[in-house]
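# Observations on the model geometry
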Amino acid sequence: MPYINLYAPTGPSPLEDGMNPTVATDPTSQPSPAVPPFLELYELTTGAWLTQAISTAARLGVADAIASGASTTAEIAQEVGAHASTLHRLMRALSDHGVFAQGPGDRFALTPMGESLRSDGSHSLRRWAIWTGARFYRDAWSDLEQAVRTGEPSFARVHGTDLFGYLGAHPDDAAVFDGAMQDIAGNFLAGILSVYDFSSYSTVVDVGGGTGALLSAILRAAPSARGVLLDTPPVLTAAEPVLRAAGIADRCQTALETSSTKCHPEPTSTSSVTSSTTGTTTTRCASCRPVGPPCARTPSCW
Ligand SMILES: C[S@@+](CC[C@H](N)C(=O)[O-])C[C@H]1O[C@@H](n2cnc3c(N)ncnc32)[C@H](O)[C@@H]1O
């Protein structure tokens, strides 16, 4: 954990101050500066400030501005539409934590961490960062004490409806949430795909699959599989461009299609399916996708 600047470089050392430091006990590790427990706790208590600072930089698009050539505070402020001296303090705070690097002459550059705040970075977490500081989300955290006291979810206490009900009625906040989910899915996909081989499955269903970032990656890794994306109608509408951009839209059915009677209009042939539990045989049109509504032309289509 990095030292906070309370004690560096001009403040008294915690050791000189007679405080009780946490001492590294791993014998193989290099001696590291001891951090008194109360300072560790202090850092934890200010985590929300840091979250909000990162989220604000993400929302303003600071990393994108730097990537496009702005480097002084004035240039960045001009680019993102911010108050220069206040932005300067935000940049300094985030530079202390390695998000940006402060150079001479009031210039700032992106660090590898800061690269992830760019919209188009290969491991972008910009939309996730925006979400973590979004008012509708933070407001719910503010009520955590009541949730712990009563067992009632704080989101519903604060907003009068649960998260997904709220998002259904607030499209702008829903876009923030969906973007955050895409960032998470996009950044942790490599790990999932490297440990799980989906290629032997003919159909992969992602229940509550958001805008389909995860399912898109799975289908790209399993070229003969078809996908079914189940989510709420507004989310599925937002999923359409994601599925198209991934090049798997023609292999992926969404719950919107399920709920509208979108079935192959002209079934060319039918196949029979016998349930192993009930023994009932039903017929479906062979061209139907695996999960679909009853086909209008073939009433027993599953
Ligand atoms: C935590 S997010 C998962 C995001 C997703 N895994 C991704 O990679 O983007 C949970 C998802 O469940 C969906 N959801 C919540 N309630 C639902 C419901 N009753 N029916 C369908 N989807 C629902 C939400 O809209 C949201 O997209």
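Residues numbered from 1 in each chain as written. Predicted model: local features only at pLDDT ≥ 70, side-chain atom pairs only at ≥ 80, totals over all residues.

### Looking at the overall build of the protein
- Tallying secondary structure elements over the protein gives 15 helices and 7 strands in all.
- Contacts in the protein between residues far apart in sequence, at least 24 positions, make up 46% of those at least 6 positions apart. (Helix = DSSP H or I, 4+ residues; strand = E, 2+ residues; numbered from the N terminus. Contact = placed C-beta atoms within 7 Å.)

### Details of the site of the ligand
- Looking at the ligand, there are 14 residues lining it, with Phe164, Met181, Ala185, Gly208 and Gly210 nearest.
- Going through the elements one at a time, helix H12 (171-195) and helix H13 (213-221) are the ones with two or more residues in the shell around the ligand.
- At 3 residues, H12 tops the list of elements feeding residues into the shell around the ligand.
- Residue classes in the shell around the ligand are distributed as 7 nonpolar, 6 polar and 1 charged. (Near = placed C-beta within 6 Å. Nonpolar A, V, L, I, M, F, W, Y, C, P; charged D, E, K, R; others polar.)

### Considerations on the confidence of the model for the protein
- Here the protein averages 81 in pLDDT, and 74% of its residues register 70 or above.
- Throughout residues 257-269 the model reports pLDDT below 50, and contacts reaching past four residues in sequence, or to other chains, amount to 24 contacts.
- Contacts from residues 271-302, a stretch scored under 50 in pLDDT, to residues over four places away or in other chains number 63 contacts. (pLDDT = per-residue confidence, 0-100.)

### Quick word on H13
- Counting buried positions over the 9 residues of H13 gives 7, a clear majority of the element.
- Within H13 the residues assigned to the buried category are Ala213, Leu214, Leu215, Ser216, Ala217, Ile218 and Leu219.
- Looking at the buried side of H13, the elements it contacts are H12, strand S3 (203-207), strand S4 (226-230), helix H14 (233-245) and strand S5 (252-254). (Buried ≥ 20, exposed ≤ 12 C-beta atoms within 10 Å, placed from the backbone.)

### Thoughts on the packing of H12 against H13
- Running from N to C, H12 and H13 cross one another at 35°; their axes reach a closest spacing of 8 Å. For the crossing formed where H12 meets H13, the hand is right-handed. Taken together, the residues of H13 that come into contact with H12 (itself represented by Gln182, Ala185, Gly186, Leu189 and Leu193) are Ala213, Leu214, Ala217 and Ala221.
- Among the residues forming the contact of H12 with H13, the class breakdown is 7 nonpolar, 2 polar and no charged. (Axes fitted to C-alpha atoms, helices over the stretch in contact; angles between N-to-C directions. Left-handed = near helix turned anticlockwise from the far one by under 90°.)

### A look at the environment of Ser199
- Its place among the elements puts Ser199 in the loop between H12 and S3.
- Expressed as a C-alpha distance, the spacing of Ser199 and Arg220, which sit 21 residues apart in the sequence, is 9.6 Å.
- Setting aside residues no more than four positions away along its own chain, Ser199 makes contact with Ala221 and Ala222.

### Re the nonpolar core
- Of all hydrophobic cores here, the largest spans 51 residues; its most connected members are Ala57 and Leu219.
- Summarising the domain contributions, this core has at least three residues from each of domain 1 (47-131) and domain 3 (195-259).
- What Leu219 contacts, discounting residues up to four positions off in sequence, is Val204, Ala225, Gly227, Ile248, Arg251 and Cys252. (Core = buried A, V, L, I, M, F, W, Y, C linked by C-beta atoms within 7 Å. Domains from an automatic or database assignment.)

### Focus: the packing of helix H2 (residues 47-60) against helix H5 (residues 84-96)
- Across the interface, H2 lies against H5 with an axial gap of 10 Å and an inter-helix angle of 120°. The angle between H2 and H5 falls in the class oblique. Here the hand of the crossing between H2 and H5 comes out left-handed. Each of Ala53, Ile54, Thr56 and Ala57 in H2 lies in contact with H5, whose residues at this interface are Leu90, Ala93 and Leu94. (Parallel < 35°, antiparallel > 145°, perpendicular 65-115°, else oblique.)

### What about unusual backbone geometry?
- Here the phi dihedral of Asp106 falls at roughly 60°; this positive angle occurs in a residue that is not glycine.
- Counting through the fold element by element, Asp106 comes out in the loop between strand S1 (100-103) and strand S2 (107-110).
- What makes Asp106 partly exposed here is the crowd of 15 C-beta atoms within 10 Å.

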